[in-house]
Amino acid sequence: MPVTSRFRIPVLLMPLWVTVQALAAPVDFVRGVRPIFRQHCYECHGEKKQKSGLRLDVRSAALKGGDHQGPNIIPGKAAESSLLHLVTTDDEDDMMPPAGDRLSAAEIATLTAWINEGAVWPEGADEVKLKDRRDHWSFRPLQVFPAVAGAASGPGPGPETLSIDTFIETGLKEHGLALSPPAGRAAWLRRVTFDLTGLPPTPEEMEEFSKDTGPDAFEIVVERLLKSERYGERWAQHWLDVVRYADTHGFEVNTERPNAWPYRDYVIDAFNADTPYDRFIREQLAGDALGRDAATGFLVTASVLLPGQIGADEPSKRLARQDALDEMVNNIGQTFLGLSVGCARCHDHKFDPITARDYYAMQAFVAGVEYEDRELLTPEIETARREAAADRSRLAQIDRELSRFTPPAKSGIERPMISARENVDRFAPVKAKRVRFTIRATNNLEPCLDELEVFNTDGENIALAGAGAVVTSSGDTVVEGRHGLKYLNDGEYGNSRSWMGNGTGGGWVTVEFAREQDIGRAVWGRDRQGKFTDRLATDYLIEVAGASGAWRAVADAGDRRKFDPEDRKPAAFTTRGLKPEEAAQAERLIKQRGPLEAKIQLATHPPKVFAGTFRTPDAIRLLNRGDPEQPREEVRPAVLSAFEGITLPEETSEQQRRTALADWIASPRNPLTARVMVNRIWQGHFGAGLVGTPSDFGNNGMKPTHPGLLDWLAGEFIRGGWSVKRLHRLIVLSRTYRQCGFGPAAGDTATATAAAALDADVSLLWRWPTRRLEAEALRDSMLAISGQLNLKMHGPGYDLFNQRGGLSGFNPVESFSGDGLRRMIYAHKVRRETEAVFGAFDCPDAGQSTATRRASTTPVQALNLFNSRFTLDQSEAFAARVRKEAGDEPVTQIRRAYQLALSRGPTDGEIRDTEPVIRQHGLAVLCRALFNSNEFLFPP
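The present account deals with the structure reproduced in this document. (Residues numbered from 1 in each chain as written. Predicted model: local features only at pLDDT ≥ 70, side-chain atom pairs only at ≥ 80, totals over all residues. Heavy atoms only, no water.)

This part takes up the overall build of the chain. The helix and strand tally for the chain stands at 31 helices and twelve strands. With respect to the principal axes defined by its C-alpha atoms, the chain has extents near 120 × 85 × 55 Å. Burial analysis of the chain (940 residues in total) assigns 52% to the buried set. Here the analysis covers contacts within the chain between residues at least 6 apart in sequence; of these, 73% occur between residues at least 24 apart. Taken as a whole, the chain presents about 41500 Å² of accessible surface, with 52% of it coming from carbon and sulfur. If the 117 positive side-chain charges of the chain are averaged to one point and the 128 negative ones to another, these points end up 2 Å apart. (Helix = DSSP H or I, 4+ residues; strand = E, 2+ residues; numbered from the N terminus. Buried < 20%, exposed > 50% of the residue type's maximum accessible area, 1.4 Å probe, protein only. Contact = heavy atoms within 4.5 Å. Areas by Shrake-Rupley, 256 points an atom, 1.4 Å probe, with all protein chains shown as cover. Lys, Arg positive; Asp, Glu negative; His and termini not counted. Charge placed at Lys NZ, Arg CZ, Asp CG, Glu CD.)

Below, the discussion takes up the packing of aromatic side chains. Applying the stated criterion across every chain yields a total of 42 aromatic pairs. Pairing W188 with F218 gives two aromatic rings, centres 4.6 Å apart and planes at 70°, and the pair type is edge-to-face. You can see W188 sitting in helix 8 (residues 185–197) and its partner F218 sitting in helix 10 (residues 217–227), a full 30 residues away along the chain. F218 matches W188 in its accessibility class, with the two residues each being buried. (Phe/Tyr/Trp six-rings, centres within 6.5 Å; stacked < 30°, edge-to-face > 60°.)

Moving on, we come to the environment of E372. With respect to the helices and strands, the residue E372 is situated in strand 1 (residues 369–375). What makes E372 partly exposed here is its relative accessible area of 38%. Spatially, the C-alpha atom of E372 lies 38 Å from that of L690, the residues being 318 residues apart in sequence. Setting aside chain neighbours within four positions, we find E372 in contact with V609, F610, A611 and T613.

With that out of the way, let us pick up a negative patch on the surface. Judged by side-chain charge, D90, D91, E92 and D93 come together as a negatively charged surface patch. Within the element layout of this structure, E92 appears in the loop between helix 5 (82–88) and helix 6 (105–116). Using a relative accessible area of 67% as the deciding quantity, one classes E92 as exposed. (Patch = residues over 30% accessible without salt bridge, like charges linked within 9 Å, V, L, I, M, F, W, Y side chains within 5 Å. Salt bridge = Lys/Arg side-chain N within 4 Å of Asp/Glu carboxyl O.)

With respect to the element layout, R133 can be found in the loop between helix 6 and helix 7 (164–174). C-alpha of R133 to C-alpha of F351: the two residues are 218 residues apart in sequence and 7.1 Å apart in space. In this structure, R133 is in contact with F139, H349, K350, F351, D352, P353 and N699, ignoring residues within four places of it in sequence.

Here the focus is empty space enclosed by the protein. Throughout the structure, instances matching the rule amount to eight cavities of 30 Å³ or more. One number sums up the size of the largest cavity: a volume of about 230 Å³. Ranked by the residues each element gives to the lining of the largest cavity, the list is headed by helix 11 (residues 229–243), at three residues. Broken down by class, the residue content of the lining of the largest cavity amounts to eleven nonpolar, four polar and six charged. (1 Å grid on protein atoms, 1.4 Å probe; cavity = no way out; pocket = protein on both sides within 12 Å on 5 of 7 lines; lining within 4 Å. Points joined across faces, edges and corners; volume = space filled by probe spheres on them. Nonpolar A, V, L, I, M, F, W, Y, C, P; charged D, E, K, R; others polar.)

For the rest of this paragraph, the subject is the pattern of salt bridges. Counted according to the given criterion, the structure contains 68 salt bridges. For R140, the salt bridge is made with D135, and the minimal N-O distance between the two is 3.1 Å. For E375, the salt bridge is made with R385, and the minimal N-O distance between the two is 2.6 Å. One end of the pair, E375, is in strand 1; the other, R385, is in helix 16 (residues 379–386), and ten residues separate them in sequence. Looking at E375, the relative accessible area reads 32%, which means it is partly exposed. Assessed through its relative accessible area of 36%, R385 is described here as partly exposed.

What follows concerns helix 17 (residues 388–402). Between its terminal C-alpha atoms helix 17 stretches 20 Å, which fits the 21 Å expected from 15 residues at 1.5 Å a residue. Taken residue by residue, helix 17 has A388, D391, L395, A396, I398, D399 and L402 as its buried positions. Taken down its axis, helix 17 places every buried residue within 165° of arc, on the same side. Facing away from the buried surface of helix 17 by more than 90 degrees, the exposed residues are A389 and A390. As for helix 17, its buried residues are in contact with helix 16, strand 2 (423–442), strand 7 (507–525) and helix 18 (580–604). (Expected span 1.5 Å × (residues − 1). Arc of directions from axis to C-beta.)

What the rule picks out here adds up to zero disulfides. Free cysteine: C343, not disulfide-bonded; nearest cysteine sulfur from C346 at 9.8 Å. Taking relative accessible area as the criterion, C343 reaches 42% and is therefore assigned partly exposed. (Disulfide = S-S within 2.5 Å.)

Our focus in this paragraph is the packing of helix 14 (residues 314–337) against helix 15 (residues 356–363). Between helix 14 and helix 15, the least distance of the axes is 9 Å, while the angle of their chain directions is 100°. In terms of axis orientation, helix 14 runs roughly perpendicular to helix 15. In this structure, helix 14 uses Q322, L325, D326, V329 and I332 to contact helix 15, whose residues at the interface are Y359, Y360, M362 and Q363. Residues belonging to the contact of helix 14 with helix 15 are distributed by class as follows: six nonpolar, two polar and one charged. (Axes fitted to C-alpha atoms, helices over the stretch in contact; angles between N-to-C directions. Parallel < 35°, antiparallel > 145°, perpendicular 65-115°, else oblique.)

Right, let's get into unusual backbone geometry. For residues other than glycine, phi is negative in most cases, and the peptide bonds are mostly trans. Here the residue pair M96 and P97 is connected by a cis peptide bond, since its omega of -10° sits within 30 degrees of zero. Although it is not a glycine, L445 sits at a positive phi angle of roughly 60°. By the element assignment, L445 lies in the loop between strand 2 and strand 3 (448–449). Classification of L445 by relative accessible area gives partly exposed; the value is 41%. Phi at L765 is positive, roughly 60°, even though this residue is not glycine. On the accessibility criterion, L765 (4% relative accessible area) is buried.

Here we take up the pairing of strand 4 (residues 451–456). Judged by how many residues are buried, strand 4 sits mostly within the fold: six of six residues are covered. Neither face of strand 4 is open: one carries E451, E453 and F455, the other L452, V454 and N456, and all of them are buried. Bridge analysis of strand 4 against strand 7 gives six bridges, and the strand direction is antiparallel. From the neighbouring strand, E453 faces strand 7, where its bridge partner is V523. (Pairing = 2+ DSSP bridges.)

Before going further, it helps to examine helix 14. Here helix 14 spans 34 Å end to end across 24 residues, near enough to the 34 Å set by a 1.5 Å rise per residue. Burial analysis of helix 14 places 17 of its 24 residues in the buried class, the great majority of the element.

Here we come to the pairing of strand 2. Within a regular strand, the side chains alternate between the two sheet faces. Where strand 2 and strand 7 come together, 13 bridges link them in antiparallel fashion. Opposite V430, over in strand 7, you have I519 as the bridge partner. Note that strand 2 and strand 8 (residues 537–545) share eight bridges and pair antiparallel. For R436, the partnering residue across the bridge sits in strand 8 and is E543.

Along the chain, the position of T161 falls in the loop between helix 6 and helix 7. Spatially, the C-alpha atoms of T161 and I220 are 22 Å apart, while their sequence positions differ by 59 residues.

Right, dumping it as structure tokens:
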């Protein structure tokens, strides 16, 4: 008989096939088929193991099929069922079982008949009951807790409500344990200050708190810390660990990502402003619709291959695009939902109710997002653009008024020194059709101008190509995308958009306007961005000519101060030679001019940002085995099918897709969102979350140690307007948080030993779980204590290595000054390169999301912290500070050093031991020892 399926029964089995068709009695699954599966299949496709995703001991799984074949059993169609092909083929790559006894002819006949008869699998015939993966604690709605009168509360919630301590004490009581005594006030202050700001308390703060015996003393401290800008810097670092923020692209080339930092600054500001968490989610997914454009940097924090690093063939491009989309889906899933959605890229999730279709439906939400630099769009920039015309008019008016006070060229008053950034040459208004700028000499090499601007008396730059001006020159050095005559008047500043002459030390350029106009000012620079000072014109001549007239000189370098290559400041307005009342008027105009000029600059040259770049979404298809070359049916944007959610029409716009996804994630009805964030905040305070797998709340993750507490906190989080700072207050003002770190009351050794034996990892929180400072807090604290910490916020990062990206090795910077003494969150983060000293303290390299930092103990840590150049420099600075504040008497110096480093005075024994060391080896040795002490590394 003919067989039309691609799975063909071998010719030798044809007689058996005919016999099977003739069998009269239907095959009994329990007696006929299940024993075959048990003997030959369960070892690889049963309860313990499911190779290729195929499981044959449960009906629903067996009829669904494996990961890559589709249904292996097609009821009524044995010839089309791949299961028969696998047990009958002689192909060693396909045949099953791959080793051991093959199925007999009778067994094959039984399977064939059973499938042709409809593959009847009776209810209750499964070997095991398959767990409903949707029936999981984290997928259920939050528990609702009524108020409990008289519940223990401690500092924090009032006596009429549940509290953190209620849940913790209940759990301890079940195990015969109780909370440990409270830590001392100094220990609590040191603990909470590190927790909320990542820095130690100052001696002055410690003294102030010790004197405040009021009932709200603890609350006052917490409010002060939460209002500090240092708070946002501390807690932004926790978030950036999870989203794997870095300032390079990653992979082998690892090139610089110079405009990533606005996202880092956004996160810092969002924590400081206590942006409601539901708003925080929406801004990161759709901030371009909410006036928080930099927030969409979240979408593209992961590594990515740049266009030049992807093969030119279409399959390579499609694979790279799939990888880029995968990173976005992974980031969204693990960060906000605590789910490993990316595991469903090639097949249905092994543990969670996430299908491959779910995965690609999630991709469809971000199918129009690209990884690129683009202009940053903010409300301030949009306002500047709307008001640019009026601002330019006002600026022109100010310049006309200033022209009465600013020394014009050839006025007899010495003008400011030539600057590599910007130079202004004023002259009496004159009609002109052309301007010629002749460079007679440079400080070295060929001349370079990033832009030549000529302003009419209305304050308009008429030299722009966009205004119809045409430029010519004596000769060019053309480097496409960097140097060329066309860049002389394109409105773009900087070396990368500049004209470079081809004659050493000289050359000329001319600008011919669209029509003759009255002009009175020329502005030029070598590099307005301030990166380059070479090729600067140090001697020049500016000439003008009417429509048909001869050239006449209007300005030159003769009346400027002599050029100084070490002076890189922009030329300043001078009031030299003015009367007092004129000088006062000029200064008022200058104060008005600065903000206007900055606003116009913002409108015309907005900053760049590496954030989500948006376009028409791609059509997303379900991919067989995750292979872009095996596309199947198209899928529409839809949230995970295991949850109540949404499916969008395929014509939904790109921004609306992301907004809809954000709304679903940020909904109070989403059972995961609040739980995941509450757990991250808890982990930030106690070192471990209530759920030990903070980015995996699925079936393969850990169960919560205190499920009631987790849900109560999540509910409080939502009821409190998603305020993260409110969560901090609940936690740090609880008695659970205030416990001492050494266990039950002093002398009760038996109780402490029993508690440690029962709960060695302190998951029940019968004492404070002491932990080491993270790498960033360690470095920042050393700087703070030594008096060297630079508190400058925001902007591009400082360098930890000798280069900011690329293929070659990264040599560490050893000594720091200026911006290099800022907090470590502002360091330029090179992906997959750990910082030379503090990288040993488990500082993540942004290669992967780091939901929980390891807490290793290695010899390298001790060596780095004792012998590194950084430690030696900060020990010397610490010693200098102590000498300045305590004088030259050793005992006084010891007391001050202990107060600064450990927030306490030394004991008499410590003074006796330390004083001889100072006298013999110097104060810096003591400072270095304090930096290396356990008491400094492990806050109480």
